[in-house]
Amino acid sequence: MSNTNNARTRTAVRRLVESAIMIAIGSVLSLFQFAGPWALGGGITFCSMLPLVLISHRYGCRWGLFTGLAYGLLQMLMGIHNVQYATSALMAVGIILLDYVIAYGVIGLAALFNGVIRNRQVSITAGIILTFALRLLCHFLSGLWIWEVMWPNELGWAAPIWSISYNASYMVPEAIITSVVAVLLYIPLRPYFNGEDIEK
């Protein structure tokens, strides 16, 4: 029994340490942004969400969700000036939830299709597409409800069209880049993705 408890303790500590490392890696990657000629705004990163995807596949959606929420809180602290633009407490809460906590938290559900789709590379891609779409939905709602009210777009587009165009212009490329890199990394990192080296 003690050996089982020791193994569980080691696994729990390892999970915490790995999650902290992945959050740190994702945070550093989020600082390096670029914008394509198609982008209407926002920044495209080189796979800053991939560490969260890895943790979700390695330890499951429940832990992935927790890690994503922690990452979202850290991103909020790094971008606290955005929250300060809010003109009311309700708007501030909306920015915190829709642009940070929920938006990044949903990435932790990336392993949702494990066991549903047999081909792991397909399930990884499907998980990324779904969770990035959920993040896009969060940013769309935030743009529609908060940012368009504070700063109407200069092009005079209808608020829903502007919000989806603005946010999709960086989220779609981000999803494509992350999906391609994740699929390419799956074979060399298969034991890590599948948690084959974790003590049970």
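Residues numbered from 1 in each chain as written. Predicted model: local features only at pLDDT ≥ 70, side-chain atom pairs only at ≥ 80, totals over all residues. Heavy atoms only, no water.

Undergrad: Can you break down the overall build of the protein residue by residue, with the values?
TA: When helices and strands are tallied, the protein shows 8 helices and 2 strands. Across the protein, helices and strands are ordered from the amino to the carboxyl terminus as α-β-β-α-α-α-α-α-α-α. Expected size for 200 residues packed as a compact globule is a radius of gyration near 16 Å; at 18 Å, the protein falls within 12% of this value. In terms of its C-alpha atoms, the protein occupies a principal-axis envelope of roughly 65 × 35 × 30 Å. (Helix = DSSP H or I, 4+ residues; strand = E, 2+ residues; numbered from the N terminus. Rg over C-alpha atoms; globule rule 2.2 N^0.38 Å.)

Undergrad: Explain the confidence of the model for the protein residue by residue, including any values.
TA: Keep in mind that low pLDDT regions are not for reading the predicted coordinates in detail. Scored by pLDDT, the protein has a mean of 91; 98% of the residues are at 70 or more. Taking the mean pLDDT of every element in the protein, the minimum, 84, falls on helix α4 (residues 80-83) and the maximum, 96, on helix α2 (residues 50-59). (pLDDT = per-residue confidence, 0-100.)

Undergrad: How would you explain the side chain of H57 if you had to name every residue and give the values?
TA: Its place among the elements puts H57 in helix α2. Within the local environment of H57, its side chain forms a polar contact with the side chain of N114, the two groups lying 3.1 Å apart. Among the polar contacts made by the side chain of H57, one reaches the side chain of R120 at a distance of 3.3 Å. Setting aside anything within four residues of it in sequence, one finds H57 in contact with A110, A111, N114, R120, I124 and F193. (Polar contact = N/O pair within 3.5 Å; in protein donor to acceptor, adjacent residues only side chain to side chain. Contact = heavy atoms within 4.5 Å.)

Undergrad: Run through the nonpolar core, naming residues and quoting values.
TA: The biggest cluster of nonpolar side chains holds 40 residues, and the ones touching the most others in it are M49, I95 and F132. Elements represented by at least two residues in this core include exactly α1 (2-30), α2, α3 (61-78), α5 (89-105), α6 (120-150), α7 (159-186) and α8 (190-194). Beyond its immediate chain neighbours, meaning those up to four positions away, M49 contacts Y71, Y104, I107, F132 and R135. (Core = buried A, V, L, I, M, F, W, Y, C linked by side-chain atoms within 4.5 Å. Buried < 20%, exposed > 50% of the residue type's maximum accessible area, 1.4 Å probe, protein only.)

Undergrad: Could you give an account of the pattern of salt bridges, with specific residues and numbers?
TA: Summed over the entire model, instances satisfying the criterion amount to 4 salt bridges. E18 is the partner of R14 in a salt bridge, and the nearest nitrogen-oxygen pair spans 2.8 Å. Of this pair, R14 and E18 both sit in helix α1, 4 residues apart, which is roughly one turn of that helix. For R14, a relative accessible area of 32% translates into the label partly exposed. Ionic pairing is found between E18 and R58, a salt bridge with its closest N-O pair at 2.7 Å. A residue pair is termed long-range when its members are at least 10 positions apart, and E18 in helix α1 and R58 in helix α2 qualify at 40 residues. Both residues of the pair, E18 and R58, count as buried. Linked through salt bridges whose partners overlap, the residues forming this network are R14, E18, R58 and D197. (Salt bridge = Lys/Arg side-chain N within 4 Å of Asp/Glu carboxyl O.)

Undergrad: Report on α7, specifying residues and quantitative values.
TA: With 28 residues, α7 should cover 40 Å at 1.5 Å per step; its first-to-last C-alpha distance of 39 Å lies within 8% of that length. Within α7, the axis deviates most sharply at A168, by approximately 40°. (Expected span 1.5 Å × (residues − 1). Bend = angle between axes of the 7 residues up to and from the residue.)

Undergrad: Run through a nonpolar patch on the surface, naming residues and quoting values.
TA: Residues V28, L31, F32, L74, L77 and M78 make up a contiguous nonpolar surface patch of about 590 Å² in total accessible area. Among the elements that line the nonpolar patch, the one with the most residues is α3, at 3 residues. The topology assignment puts L77 in helix α3. With a relative accessible area of 57%, L77 lands in the exposed category. (Patch = residues over 30% accessible without salt bridge, like charges linked within 9 Å, V, L, I, M, F, W, Y side chains within 5 Å. Areas by Shrake-Rupley, 256 points an atom, 1.4 Å probe, with all protein chains shown as cover.)

Undergrad: A description of the layout of surface pockets should follow, citing residues and the corresponding values.
TA: Taken as a whole, the largest pocket encloses approximately 970 Å³ of empty space. Lining of the largest pocket is provided by 34 residues; of these, G42, N82, Y166, N167 and Y170 occupy positions nearest its centre. Elements with a minimum of two residues in the lining of the largest pocket: α3, α4, α5, α6 and α7. Element by element, the count of residues in the lining of the largest pocket is highest for α7, at 6 residues. (1 Å grid on protein atoms, 1.4 Å probe; cavity = no way out; pocket = protein on both sides within 12 Å on 5 of 7 lines; lining within 4 Å. Points joined across faces, edges and corners; volume = space filled by probe spheres on them.)

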